[in-house]
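Close look at the chain arrangement
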Amino acid sequence: MPEERRVVVTGIGILSAVGVGRDETWKNLLAGTNGIARTTLVEVDDLPSQVSGEVPDFDYSTYIDRKGARRMDRFTQLAVCAAGEALDQAGLDTAAEGDHIGCMIGSGIGGIGTLEAEFDVFFHKGPNRVSPLLVPMFIPDMAAGQTSIRFGLRGPNYNTVSACASGADAIGTAFEVVRRGDAVAMVAGGSEACVTRMSIAAFANSQALSTNNDPNTASRPFDIGRDGFVIGEGAGILVLEDREHAEARGAQIYAEIVSYGQSADAFHVTAPSENGEGAARAMNLAISKAGIAASDIDYVNAHGTSTPLNDKFETMSIKTVFGEGAYAVPVSSSKSMIGHTLGAAGGIESAITILSIRDQKVHPTIHLLEPDPNCDLDYIPEGARDLGIKYAMSNSLGFGGHNSSLIFSRYEG
Amino acid sequence: MRRVVVTGLGLITPLGNDVASTWESLIAGRSGLGLVSRFDASAYDHPIAAEVKDFNAAEVVDPKLARRIDLSSAFALAASHQALADARLDMTQEDASRVGVLLGTGMGSAHQIVEQQRILDEKGPRRVSPFLVSHMLPDTATGLVAIATGARGPNFAVTAACATGGAATGEAAEMVVRGDADVMIAGGYEAPLQPIYYAGFNAMKALADHEDPAKAVRPFDATRNGFILGEGAGVLILEELEHAKARGARIYAEWRAAGTSNDAYDMVAAAEDGHGIAQAMRLALRRADLEPDAVQYINAHGTSTPLNDRVETRAIREVFREAADDLMVSSTKSMHAHMMGAAGAVEAAICALTCHHGIVPPTINYEHPDPDCDLDYVPNEARQAEVRVAMSTSVGLGGHNSAIIFSKWEDA
């Protein structure tokens, strides 16, 4: 059997509430910039939750022409643009190697905005007026499909869905695809455009959303006053590449992806399992597959949604995995600044974790004014911090009991 | 290298609500198509669909849950329970963290979203169901199956439009190969027969039109004019070989490999030269370490659209070259129609059954040969034949392609 391939990260694209593009997002995260603001994409006066993390001034025109954009839901536009940024950095020769470059982009719900708009047409004008593009714009695999069309990626291609862990599972699955030799590189991550009336109403009524409409305190992971998550949108896409392929062409390597662990709670459709047992299993699986010990992990980018249950149980699961060492591992939640981008979260937060490794710097958890006694780890509340990182972990936990942990490491050849 | 075998099957299809009745209909060459009864379709001249019949969710899941969940999730749960029972897998004897669930769907919980959208429109946001979020996502069913069975291993959904079932089945098998699980409950499900989606597909001008519903789907026939929406679920128990042997499990077939690709061409239409599906077939053959002439049977995507069947035939010729003339190629969609995200999984199950029984299901409604479709499509009647290697191909909107290979089980 051939030696197992190693997989490195050679491109990073991010669109988030704190920045259009990787560098702007990362600079603002390190500065502790709040990206949550009153929602502008849809009318929210009659909705219980009126703030969100929208991508500011999103302009697709760098990568998509106007005609193409009309055939894409916003979640697909976000994905194509983030993938474009990642591919520009990676500098892969997609024209020559397109057969061996694949794409996996997770999304929790796909083109829900398109569905809502077409429902209006259906309801008010009748079935014969429904757009022929409804189905192809709505289905959640279309971000991967359109990204492949735009950039000529003909390798392995599908979409993973696991609610709020979708982006992480896309990256984990794409990592395994490169590792088993089905592709030399994969464009992988998550994308979501769920700032829509239906999504907000549905999440609000399930009691998951914060009803605090002050943008400066609505998303406050691990704080005693947290009352739910703030919905966000965006995309985070990586280029994952066979290490030897990347080395041979002299690519810039940001980090190595070393392990992926996934588990199911098999407990409840929305609530996490007692004490975060499922999340702990995913972390332990990732650590053991990496062949390292929990004490080797220097930083955890938490799922940290700002819901009362998630942050408490995630903290417990980190303690289960790290034991006494839990208090020595800095943990931060990007969602304190960009909100919960659902299926995109695992993609965006993986990208952030990699940038943390690249710069040996971690961003803070903002809005953490009064810690919850049940949440007593080092959440980096005071501001960005320099940190020596060899291994870092990104956690994603989804409705339905999906848990994913990804481990990245500093690339040392 | 860990080997993976199929030890259990579960099917909810327009041809029957279990494996035995579906297989019997397939071999008899019966059509499962009829007029739409699920909703008022009087706006259409010939509203045809392949509906699952006599399915009562309350008989297979807790009645309280049955009222809350989407029809698509009910199909997935029913097929998963069947498959586990068929495999005689006793979850109380298993390490539950080594049993995972990976089910694909093209759209997820179609009915729930649309019903709640109507409520949002008519009654306002505060009346939207608090259960909607947990029941509308494409991964809802994988979570429900995990809760119902206790399977705590890897768990997510895969979507690749109409190539979903094949991609999901292949990725699940890879999880067993790489040791993330010993058993995967894998497959696909779909319940797309909902007025707004029907309207969307109708607007695409992709649906077949015929006065006789039973003859609406005519794959590879010169007069074919579109596909018909079907619904249901297909679930396979994919199990590591030594694990299966240790518990004396019955083995239907061995999983050999999967390949996926993207045309990178158009969001709706397949590329005319068939390069994408050819690439998926080649990758699967390479991963299975098989030459093209090792394959006896292909369960084709064969949707019955003018473009698909021509492109698929061309791709098969391109990959199999002279061996293409010896292949048996059938489209069972001629009987169960296009079950979207469930299609690849149901057709994977049919490949496993074909290897197991040595009978190849036919392509029905095949009367007028098309010069562009010149393979042996096993027309109209099932055929007795030893099938040592079978391949299932799937092609989806968005340019997704998958090919998955099974072989007859021989203990060697």
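Procedures and definitions
- Residues numbered from 1 in each chain as written.
- Chains lettered and ligands numbered in written order.
- Predicted model: local features only at pLDDT ≥ 70, side-chain atom pairs only at ≥ 80, totals over all residues.
- Heavy atoms only, no water.
- Contact = heavy atoms within 4.5 Å.
- Buried area = accessible area lost by both parts, 1.4 Å probe.
- Salt bridge = Lys/Arg side-chain N within 4 Å of Asp/Glu carboxyl O.
- Polar contact = N/O pair within 3.5 Å; in protein donor to acceptor, adjacent residues only side chain to side chain.
- Helix = DSSP H or I, 4+ residues; strand = E, 2+ residues; numbered from the N terminus.
- Nonpolar A, V, L, I, M, F, W, Y, C, P; charged D, E, K, R; others polar.
- Pairing = 2+ DSSP bridges.
- Axes fitted to C-alpha atoms, helices over the stretch in contact; angles between N-to-C directions.
- Parallel < 35°, antiparallel > 145°, perpendicular 65-115°, else oblique.
- Left-handed = near helix turned anticlockwise from the far one by under 90°.
- Domains from an automatic or database assignment.
- Buried < 20%, exposed > 50% of the residue type's maximum accessible area, 1.4 Å probe, protein only.

A look at the interface of chain A and chain B
Of the residues lining the interface, 76 residues belong to chain A; the matching set on chain B comes to 74 residues. Of all residues in chain A, the largest losses of buried area upon contact with chain B belong to Phe119(A), Tyr158(A) and Met198(A), amounting jointly to 10% of the total for that side. On the surface where chain A and chain B come into contact, there are six salt bridges. In this structure, Asp182(A) engages Arg287(B) in a salt bridge whose closest nitrogen and oxygen atoms are separated by 2.6 Å. At the boundary of chain A and chain B, one finds 27 residue pairs in polar contact (both at pLDDT 80 or more). Going through the elements one at a time, helix 5 (112–125), helix 6 (134–138), helix 7 (142–151), strand 6 (157–161), helix 8 (166–179), helix 9 (197–205), strand 9 (255–264) and helix 11 (277–290) of chain A are the ones with two or more residues in the side of chain A that touches chain B. Among the elements that line the side of chain A that touches chain B, the one with the most residues is helix 5 of chain A, at nine residues. Across the side of chain A that touches chain B, the residue classes tally to 36 nonpolar, 23 polar and 17 charged. Examined bridge by bridge, strand 6 of chain A and strand 5 (residues 155–159) of chain B share three bridges and lie antiparallel to one another. Within strand 5 of chain B, the position partnered with Asn159(A) by the bridge is Thr159(B).

Considering the packing of helix 3 (residues 74–90) of chain A against helix 7 of chain A
Residue and element names in this part refer to chain A. One way to put it is that helix 3 packs onto helix 7 with a least axis distance of 9 Å and a crossing angle of 45 degrees. By the angle class used here, helix 3 and helix 7 are oblique. Remark: the crossing between helix 3 and helix 7 carries right-handed chirality. For the pair helix 3 and helix 7, the contacting residues are Phe75, Thr76, Ala79, Val80, Ala83, Gly84 and Leu87 in the first and Met142, Ala143, Gln146, Thr147, Arg150 and Phe151 in the second. Within the contact of helix 3 with helix 7, the residues separate by chemical class into eight nonpolar, four polar and one charged.

A look at the side chain of Ser49(A)
With respect to the element layout, Ser49(A) can be found in the loop between strand 3 (37–38) and strand 4 (51–52). Here Ser210(A) takes part through its backbone oxygen, which lies 3.4 Å from a polar atom of the side chain of Ser49(A).

Notes on the domain arrangement of chain B
Residue and element names in this part refer to chain B. Domain boundaries in chain B define domain 1 (4–246) and domain 2 (257–407). The straight-line distance from the C-alpha centre of domain 1 to that of domain 2 is 21 Å. Counting residues at the interface gives 62 residues for domain 1, matched by 59 residues for domain 2. Of the roughly 4,400 Å² buried where domain 1 meets domain 2, counting both sides, 71% is carbon and sulfur surface. Contact with domain 2 buries surface across domain 1, with Trp23, Cys162 and Phe220 losing the most and accounting together for 20% of the total. Between the two partners, domain 1 and domain 2, sit four salt bridges.

Details of the pattern of salt bridges
Using the criterion set out here, one finds 53 salt bridges over all chains in the structure. Among the salt bridges present, the one from Glu24(B) reaches Arg30(B), with a minimum N-O distance of 2.8 Å. Among the residues examined, Arg30(B) registers a relative accessible area of 38% and is labelled partly exposed. Across the pair Arg178(B) and Glu171(B) runs a salt bridge whose closest N-O atoms are separated by 3.3 Å. Residue Arg178(B) is classed as partly exposed on the basis of its relative accessible area of 23%. Since its relative accessible area comes to 1%, Glu171(B) is described here as buried. Each of the salt bridges in this network shares a partner with another, and the network as a whole consists of Glu4(A), Glu176(A), Arg179(A), Arg180(A), Asp182(A), Lys289(A), Glu171(B), Glu174(B), Arg178(B), Asp180(B) and Arg287(B).

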